[in-house]
Amino acid sequence: MRQYLHHNDFGCISRCPSGCCLHLYFGNVALCLKADELTEWRRMTARLYQQHAPRLMDPAARCITIPSPVSCQAFVFTLEEVFLLHDLLMSANLLLEAELILAGGATQ
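First, a word on scope: everything that follows refers to the structure included in this document. Given the structure is predicted, the values throughout are model-derived calculations rather than measurements.

## Quick notes on helix 1 (residues 35-52)
Stage number 1. For helix 1, built from 18 residues, the straight-helix expectation of 26 Å at 1.5 Å per residue is met to within 8% by its first-to-last C-alpha distance of 26 Å.
Stage number 2. For helix 1, the complete set of buried residues consists of Leu38, Thr39, Trp41, Arg42, Met44, Thr45 and Leu48.

As structure tokens, then:
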């Protein structure tokens, strides 16, 4: 059974049944990410939001590009979509880090 880590109006992120990767769904796109890729995407979306939020004239303009894990492919977002994508990634990352801490504390 799939375990959902977080969802919002933009999409959701879940752990695959085998636990080997994370499934990120947003808009009509689905990605399969490893934990380290999730962390990198979280950092990238945070940087992009901080960089564009104060300067973007039209927050509804789809003009923020995020490289894809697949070569020669990129995704283009509005400022709100970048914020919602970061929310998905941040919340999932926090839950995964908490699991690691709790698992480490249980073995000590």
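## Some details on the sheet that holds strand 2 (residues 11-15)
Stage number 1. With antiparallel pairing, four strands are arranged side by side in an open sheet as 1-2-3-4. Each edge of the sheet is formed by a strand with only one pairing partner; in this case those strands are strand 1 (3-7) and strand 4 (29-33). Across the sheet, the mean angle from the axis of one strand to that of its neighbour is 20°, orientation sign disregarded.
Stage number 2. The pairing of strand 3 (residues 22-26) with strand 4 spans five bridges and is antiparallel. Looking across to strand 4, one finds that Tyr25 is bridged to Ala30.

## Things to note about the side chain of Asn93
Stage number 1. Here Asn93 is to be found in helix 2 (residues 79-107).
Stage number 2. Assessed through its relative accessible area of 5%, Asn93 is described here as buried.
Stage number 3. Leaving out residues up to four positions away in the same chain, Asn93 has contacts with Leu38, Thr39 and Arg42.

## Some thoughts on the pattern of salt bridges
Stage number 1. Inspection of the entire model under this criterion finds three salt bridges.
Stage number 2. Arg15 is paired through a salt bridge with Glu99; the nearest N and O atoms lie 2.6 Å apart. Taken together, the positions of Arg15 in strand 2 and Glu99 in helix 2 put the pair 84 residues apart, joining distant regions of the chain.
Stage number 3. For the salt bridge of Arg62 with Glu81, the shortest nitrogen-to-oxygen distance reads 2.3 Å. Within this pair, whereas Arg62 is found in the loop between helix 1 and strand 5 (64-67), its partner Glu81 is found in helix 2, the two being separated by 19 residues in sequence.

What counts, and at which threshold
- Throughout, residues of each chain are indexed from 1 in the direction in which the sequence is written.
- Only residues with pLDDT of at least 70 get local features here, since the model is predicted, and only at 80 or more are side-chain atom pairs given and counted; chain-wide, interface and lining totals rely on the full set of residues.
- By convention in this description, side-chain values take in all heavy atoms of the structure and omit both hydrogens and water.
- Secondary structure elements follow DSSP: runs of H or I no shorter than four residues count as helices, runs of E no shorter than two count as strands, and numbering proceeds from the N terminus.
- For a helix, the expected span equals 1.5 Å multiplied by the number of residues minus one.
- A 1.4 Å probe rolled over the protein chains alone gives each residue an accessible area, and that area as a share of the maximum for its type sets the label: buried under 20%, exposed over 50%, partly exposed in between.
- Two strands qualify as a pair provided that DSSP identifies no fewer than 2 bridges between them.
- Every angle, taken between N-to-C directions, lies between 0 and 180 degrees, and every axis is a line fitted to C-alpha atoms, over only the stretch in contact when it is a helix.
- Residue contacts follow a heavy-atom distance rule, with two residues in contact if any of their heavy atoms lie within 4.5 Å.
- The term salt bridge refers to a pairing of a side-chain nitrogen on Lys or Arg with a carboxyl oxygen on Asp or Glu at a separation within 4 Å.

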